[in-house]
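Spelled out from the first residue to the last, the chains are:
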Amino acid sequence: MQMPFPRPDGTTPTERRFRQVIDTLQEVVFQTDPERRWAFLNPAWTEVTGFPVEECLGRNAMDFVHPDDRARVLAVCQSLLTRERDSVQHEVRYLTHDGGFRWVDVFARVTVDEEGKLLGMAGTLNDITERKRTSDALARRERYLTALVDMQQRLLSVQEGGDLYGPALAPLGQASGASRVYVFEIYTDIKGTLLCSQRAEWCAPGVPAEIDNPVLQDLPVQPILGRWAAVLGRGEVITGRVATFPSVERDLLEPQGILSLLVLPLRVQGRLVGFVGFDNCYEAREWDRLEVDLLSAASGAISVALERRASERALREHEHRFRQLAENASDVLYLYRREAPRGFAYVSRVAHAKLGLGPEAHYADPELWYRQVHPDDRAALERLLESPLSVDGAPVELRFLRPDGSLLWMEHVVAPVMDSAGRVVAVEGLARDITERRQVEEALKRSEASLRALMEGFPDPAAIERDGHIVYANAVLVTTLGFARAEELVGRRLSEFLADVPGTGVASGDSTPLTSERRLVLRDGRTRVVELASLPLRFDGQPAVVSIARDVTEQRQLQARLTLADRLASVGTLAAGIAHEINNPLAFVLSNLAFLSDEFRHHLSPGAGVHELRPPDVAEWQEVLGEACEGAERVRQIVRQLKTFSRPDEERMTPVDVHAVLDSVVMMAANEIRHRARLRRDYGTVPQVLANEGRLCQVFLNLVVNAAQAIPEGSAHDHEVVLATRAAGGQVVVEVRDTGSGIAPEVMGRIFDPFFTTKPVGVGTGLGLSICHGIIAGLGGDIQVESAVGRGSTFRVVLPAPAPVHRPPEAPAPVAPVAPRGRVLVVDDEPAVGRVLQRLLRGHDVEVATSGRQALERMSRAPAFDAVLCDVMMPDLAGRDVYEAVRREYPGLERRFVFVSGGAFTAGAREFLERIPNPLLEKPFDEARVRGAVEELVRHGPPDPA
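First, a word on scope: everything that follows refers to the structure included in this document.

Cut-offs applied
- Residues numbered from 1 in each chain as written.
- Predicted model: local features only at pLDDT ≥ 70, side-chain atom pairs only at ≥ 80, totals over all residues.
- Heavy atoms only, no water.
- Helix = DSSP H or I, 4+ residues; strand = E, 2+ residues; numbered from the N terminus.
- Buried < 20%, exposed > 50% of the residue type's maximum accessible area, 1.4 Å probe, protein only.
- Contact = heavy atoms within 4.5 Å.
- Areas by Shrake-Rupley, 256 points an atom, 1.4 Å probe, with all protein chains shown as cover.
- Core = buried A, V, L, I, M, F, W, Y, C linked by side-chain atoms within 4.5 Å.
- Pairing = 2+ DSSP bridges.
- Axes fitted to C-alpha atoms, helices over the stretch in contact; angles between N-to-C directions.
- Polar contact = N/O pair within 3.5 Å; in protein donor to acceptor, adjacent residues only side chain to side chain.
- Right-handed = clockwise from strand over helix to strand, strands pointing away.
- Salt bridge = Lys/Arg side-chain N within 4 Å of Asp/Glu carboxyl O.
- Phe/Tyr/Trp six-rings, centres within 6.5 Å; stacked < 30°, edge-to-face > 60°.
- Lys NZ or Arg CZ within 6 Å of the ring centre and 35° of its normal.
- 1 Å grid on protein atoms, 1.4 Å probe; cavity = no way out; pocket = protein on both sides within 12 Å on 5 of 7 lines; lining within 4 Å.
- Points joined across faces, edges and corners; volume = space filled by probe spheres on them.
- Arc of directions from axis to C-beta.

1. Notes on the overall build of the protein chain
So, point 1. What the protein chain contains, in helices and strands, is 29 helices and 34 strands.
So, point 2. For the protein chain, the residues scored as buried account for 43% of the 946 residues in total.
So, point 3. Put simply, 55% of the contacts in the protein chain that link residues at least 6 apart link residues at least 24 apart.
So, point 4. Surface summary for the protein chain: the accessible area is close to 49,200 Å², and the carbon and sulfur share equals 54%.

Take a look at the structure:
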């Protein structure tokens with residue numbers, strides 16, 4: 001066999017042929033030594049990188065790797081050289097001679113000699129730059145489309161009057177890699193000058209904002225941006241490096257650090273209204289056609305949003321178009337080629353997560369979707385892919401069967417791709433997974449049916465409103481309001497039947513707080529107080545509000561009564577204390593005046609010893625004393641009425657003289673009546689009624705004050721308030737009449753309703769007549785009213801009269817003999833009161849103690865007192881304490897106690913006085929009662945205990 005002879009260079013023909021094959025390869029074939037220095041490179045190396053092979057041999061291969069990839073490549077090489085791995089394949093960026101880089105697919109393995117010694121690495125470098133660029137372009141396209149969908153979703157979610165631009169700029173800036181994204185509006189001022197102002201801005205981290213730059217507000221379009229206005233007005237874009245722009249534009253842009261920019265028009269109904277700008281501040285990069293087209297779609301979306309705000313009709317039209325792209329778009333982006341080679345040209349990676357089949361499966365099988373689609377939806381899929389023009393951009397819902405057998409709902413929006421001849425060559429589409437939404441819709445339908453059933457069985461009135469109008473009312477609400485059918489309420493506003501509760505501060509209107517207290521106005525004008533709770537929900541697939549009204553009229557009325565009772569109790573406690581403080585000095589004032597009057601009659605009457613005084617002087621002094629006594633007596637009567645009115649909470653029923661009650665009321669309401677009307681009493685002969693005096697006083701005081709307030713001030717001589725009484729058929733009738741403004745017929749039936757009032761805010765609570773009605777009804781009576789507008793009103797209170805009690809005629813009291821002189825102890829912390837009692841009882845031996853302790857000391861020295869007049873309320877030891885001490889130390893002496901009081905009692909003192917049999921004398925004193933009580937004890941001693 002003939003052996004090939006080597007050439008002079010030492011290579012054999014076989015080696016030469018092998019070398020020729022390697023040199024013609026488009027892939028780079030390489031070999032390195034153990035130190036990673038190039039030992040061999042074929043000519044393809046120069047074609048890929050631009051570096052001559054001769055200059056590279058012997059240099060470290062890491063010198064040609066992109067700096068960002070060196071650490072990763074070193075780690076891979078180390079794993080080969082240490083024999084951890086036999087081979088590797090990865091993608092790396094290699095630097096090029098022109099300062100750029102190329103993406104290569106590296107395959108490498110270790111090389112050894114016959115003895116297994118490491119010689120280095122060998123392998124291939126396959127240029128994949130174009131493939132990477134295509135992949136990056138598709139990823140960039142997907143990123144832009146995702147940002148576009150995100151932006152449009154944000155635009156559609158902006159509420160009326162909200163920020164339209166701010167939510168849209170962030171996704172656009174992040175997707176485009178711009179330094180700054182902003183919106184300017186163009187407008188005309190009152191002088192007709194065309195101006196523009198920056199309205200919104202988004203900046204990348206580290207980029208200074210310009211939103212507060214005053215230069216960019218009310219900026220005249222001419223002459224600085226005149227070129228922009230012309231170009232943008234034609235629907236074209238402004239793009240390029242700022243360095244190439246006219247100087248007048250550079251003067252505005254360069255101070256902002258802008259190196260290149262892209263400006264897109266905002267047009268509404270064909271008119272330029274502003275522009276969206278994208279700045280590059282770190283490199284003078286320009287935007288390619290794909291970016292310009294996608295960002296133009298973004299500016300178009302903002303323009304449509306502006307147009308939507310301009311008119312309702314434009315809103316509906318543009319919302320329909322943009323919902324197709326934004327709301328109905330989903331995660332899967334695809335391009336389906338209708339010409340050879342037919343099939344999917346692109347499918348986004350998320351298809352694997354959605355459909356269970358990745359992009360490779362779609363690329364390999366043009367009929368994949370036809371096999372995976374639900375049989376009932378095959379015709380719809382064929383129309384979508386084969387006749388996209390027939391769909392006209394409308395969303396199409398298709399069901400797909402995943403490989404695991406589960407069902408997937410996908411909503412598709414497609415657009416045809418045309419060639420230059422106008423033929424449809426491909427279909428570009430967006431598909432969104434709506435499986436969960438369809439499940440929610442089905443669940444929502446079931447829940448709405450349950451909601452209807454629940455509300456029909458709900459015990460409280462309830463309504464569902466959409467856009468402020470009732471779309472559903474349950475049967476309880478219909479009957480409560482006084483309607484016959486729910487259809488009579490549908491379409492009306494619930495706020496028509498709601499009014500404020502006085503004093504709550506809830507403003508009436510269409511907007512109702514989540515929880516509030518309102519008045520529910522019935523069809524006949526009557527009102528009920530309700531707690532209204534409102535919360536949002538979805539009803540029939542659309543947003544709505546459900547409102548539930550719980551009737552709390554009786555509860556609020558009871559609370560109001562308790563509040564008023566507590567207030568009256570507080571006032572009563574204060575009034576009783578005031579009465580007590582007045583009664584103490586009033587007691588000795590009255591007694592002293594009476595004493596002086598008696599002294600005048602006995603010692604200054606005409607006779608011997610007074611001839612030197614002129615009779616007119618004595619008469620005048622007696623007149624002055626009489627007037628003083630009369631005034632003090634009037635004060636005593638006022639205090640008595642104040643005490644009576646201060647205890648309306650005492651429910652004891654006793655025979656009551658209605659005339660005395662009316663006189664007390666007149667005395668307390670005199671100031672209210674005096675400036676409005678004349679008071680006239682028309683009393684008949686009536687029996688006493690069985691009632692509580694304080695409650696009756698409260699009722700008639702309310703009626704009299706209302707009567708006075710129904711009359712305007714300033715014409716008292718033209719008006720009158722009449723109090724009339726009469727007996728009728730075993731009943732006592734009391735009328736309170738006035739000549740005031742009267743009551744309108746439409747509110748006549750509501751005046752006794754709780755919280756209803758015709759008085760201004762802050763003047764009435766709407767509870768007075770309601771409480772009066774309740775008091776009289778509790779006494780077995782009734783309140784009636786008659787009124788005419790402009791002629792006054794008459795309130796008629798009818799009370800049952802108790803059956804008359806026939807008592808035998810009393811025998812004339814025998815004339816009592818002169819009482820013996822007794823020993824009396826007066827105990828009172830007010831010294832003047834003690835002196836008064838000492839003068840009243842001057843027929844006896846009277847000692848005065850000004851405290852309880854002093855009284856006990858007197859008794860310890862000589863306890864044999866015939867009578868002890870003791871004050872109930874004293875600061876050191878109260879009357880009860882003195883009584884209990886005497887009962888323990890001197891049994892029997894406590895029965896000779898007579899208690900005196902100015903009218904103020906603690907709860908314990910009142911209980912004590914009700915428990916013991918001893919008499920009680922009230923200040924100011926009735927002198928006859930005081931003398932009679934003492935004389936009875938001196939003459940007969942204390943009564944025998946029961």
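2. What about the nonpolar core?
So, point 1. Of all hydrophobic cores here, the largest spans 40 residues; its most connected members are Val-689, Leu-696, Phe-700, Leu-703 and Ile-776.
So, point 2. Contributions of two or more residues to this core are made by α20 (658–668), β25 (689–691), α22 (693–709), β26 (720–728), β27 (731–738), α24 (768–778) and β29 (792–800).
So, point 3. Residue contributions to this core peak at 9 residues, all from α22.
So, point 4. With near-sequence residues (within four places) excluded, Leu-703 lies in contact with Val-736, Leu-769, Phe-795 and Val-797.

3. Remarks on the sheet that holds strand β22 (residues 542–551)
So, point 1. Spatially, β18-β17-β22-β21-β20-β19 is the arrangement adopted by the 6 strands of the open sheet, whose pairing is antiparallel. With one partner strand each, in any of the chains shown, β18 (469–473) and β19 (498–500) form the two edges of the open sheet. In this sheet, neighbouring strand axes are inclined to one another by 45° on average, regardless of whether the strands run parallel or antiparallel.
So, point 2. Bridge analysis of strand β17 (residues 462–466) against β22 gives 4 bridges, and the strand direction is antiparallel. Residue pairing for β22: Glu-465 is matched across the bridge by Val-545.

4. A closer look at unusual backbone geometry
So, point 1. Residue Pro-223 follows Gln-222 across a cis peptide bond; omega there is 5°.
So, point 2. Looking at the secondary structure, you find Pro-223 in the loop between β8 (219–220) and α7 (226–233).
So, point 3. Residue Pro-341 follows Ala-340 across a cis peptide bond; omega there is -5°.
So, point 4. Following the sequence through the fold, Pro-341 ends up in the loop between β12 (332–337) and β13 (343–347).
So, point 5. In the Ramachandran plot, Arg-36 falls in the positive-phi region, its phi being about 65° despite a non-glycine side chain.
So, point 6. As for its position among the elements, Arg-36 is in the loop between β1 (28–32) and β2 (38–41).

5. Quick look at the side chain of Asp-377
So, point 1. Structurally, Asp-377 is set in the loop between α13 (368–372) and α14 (378–386).
So, point 2. We classify Asp-377 as buried; its relative accessible area is 10%.
So, point 3. Engagement of the side chain of Asp-377 in a polar contact is seen with the backbone nitrogen of Arg-399, the distance being 2.8 Å.
So, point 4. Aside from chain neighbours lying at most four places away, what touches Asp-377 is Glu-397, Leu-398 and Arg-399.

6. Points about the pairing of strand β33 (residues 897–901)
So, point 1. The element β33 is largely enclosed, with a buried count of 5 among its 5 residues.
So, point 2. Burial along β33 is two-sided: Phe-897, Phe-899 and Ser-901 facing one way and Val-898 and Val-900 facing the other are all buried.
So, point 3. Examined bridge by bridge, strand β32 (residues 867–871) and β33 share 4 bridges and lie parallel to one another. Residue Val-868 lies in a different strand from β33, and its bridge partner there is Phe-897.
So, point 4. With helix α27 (residues 879–889) bridging β32 and the parallel β33, this β-α-β connection has right-handed handedness.

7. Considerations on the pattern of salt bridges
So, point 1. Under the counting rule described, the total for this entry stands at 42 salt bridges.
So, point 2. Between Glu-254 and Arg-250 there is a salt bridge, with its nearest N and O atoms 3.8 Å apart.
So, point 3. The closest approach of N and O atoms between Glu-927 and Arg-931, which form a salt bridge, is 3.7 Å. Placement of both Glu-927 and Arg-931 in helix α29 (residues 927–940) is noted, with a separation of 4 residues, approximately one turn of the helix.
So, point 4. Connected via shared salt-bridge partners are Arg-726, Glu-735, Arg-737, Glu-786 and Arg-796.

8. Section: the packing of aromatic side chains
So, point 1. For the structure shown, the criterion picks out 18 aromatic pairs.
So, point 2. Summarising the aromatic geometry, the rings of Phe-483 and Phe-497 are spaced 5.9 Å apart at their centres and angled 85° between planes, so their arrangement reads as edge-to-face. On the criterion of sequence distance, the pair formed by Phe-483 in the loop between α17 (475–481) and β19 and Phe-497 in the loop between α17 and β19 is long-range, its members being 14 residues apart.
So, point 3. On the basis of relative accessible area, Phe-483 is assigned to the buried category, the value being 10%.
So, point 4. Look at Phe-497 and you get buried, because its relative accessible area is 5%.
So, point 5. Aromatic rings pair up to connect Phe-30, Trp-38, Trp-45, Phe-51, Phe-64 and Tyr-94 into one cluster.
So, point 6. Here the guanidinium or amino end of Arg-93 rests over the ring plane of Phe-101, the centre of that ring lying 5.6 Å away.

9. Thoughts on empty space enclosed by the protein
A water-sized probe, rolled over the atoms, reveals where empty space remains.
So, point 1. The full count for this structure, using the stated rule, is 8 cavities of 30 Å³ or more.
So, point 2. Space inside the largest cavity adds up to approximately 160 Å³.
So, point 3. Those elements that place two or more of their residues in the lining of the largest cavity are β1, α4 (70–81), β3 (87–95), β4 (101–112) and β5 (118–127).

10. Overview of the pairing of β1
Regular strands show a simple pattern: their side chains alternate between the two faces of the sheet.
So, point 1. Counting buried residues in β1 gives 4 out of 5 residues, a clear majority hidden from the surface.
So, point 2. Strand direction decides the pairing type here: β1 and β2, joined by 3 bridges, are antiparallel. Note on β2: the bridge partner recorded for Gln-31 is Phe-40.
So, point 3. Hairpin connection, β1 to β2: the antiparallel pair is bridged by 5 residues, and Arg-36 has positive phi, about 65°.

11. Some words on helix α28 (residues 907–915)
Residues separated by three or four positions in an α-helix point in the same direction, a consequence of the helix having 3.6 residues per turn.
So, point 1. Taken together, the buried positions of α28 are Ala-909, Phe-912 and Leu-913. Here the buried residues of α28 occupy an arc of 95° about the axis, which is enough to place them on one side. The exposed set on the far side of α28, more than 90 degrees from its buried face, consists of Ala-907, Glu-914 and Arg-915.
So, point 2. Against the buried residues of α28 lie α27, β33 and β34 (920–922).

12. Describing the sheet that holds strand β6 (residues 180–188)
So, point 1. Here 6 strands make up an open sheet; going across it, the order is β8-β7-β6-β11-β10-β9 and the pairing antiparallel. This sheet does not close on itself; its edge strands, each paired only once, are β8 and β9 (238–241).
So, point 2. Sheet topology places strand β10 (residues 260–268) next to strand β11 (residues 271–280); 9 bridges connect them, and they run antiparallel. Bridged to Leu-266 within β11 is Gly-274.

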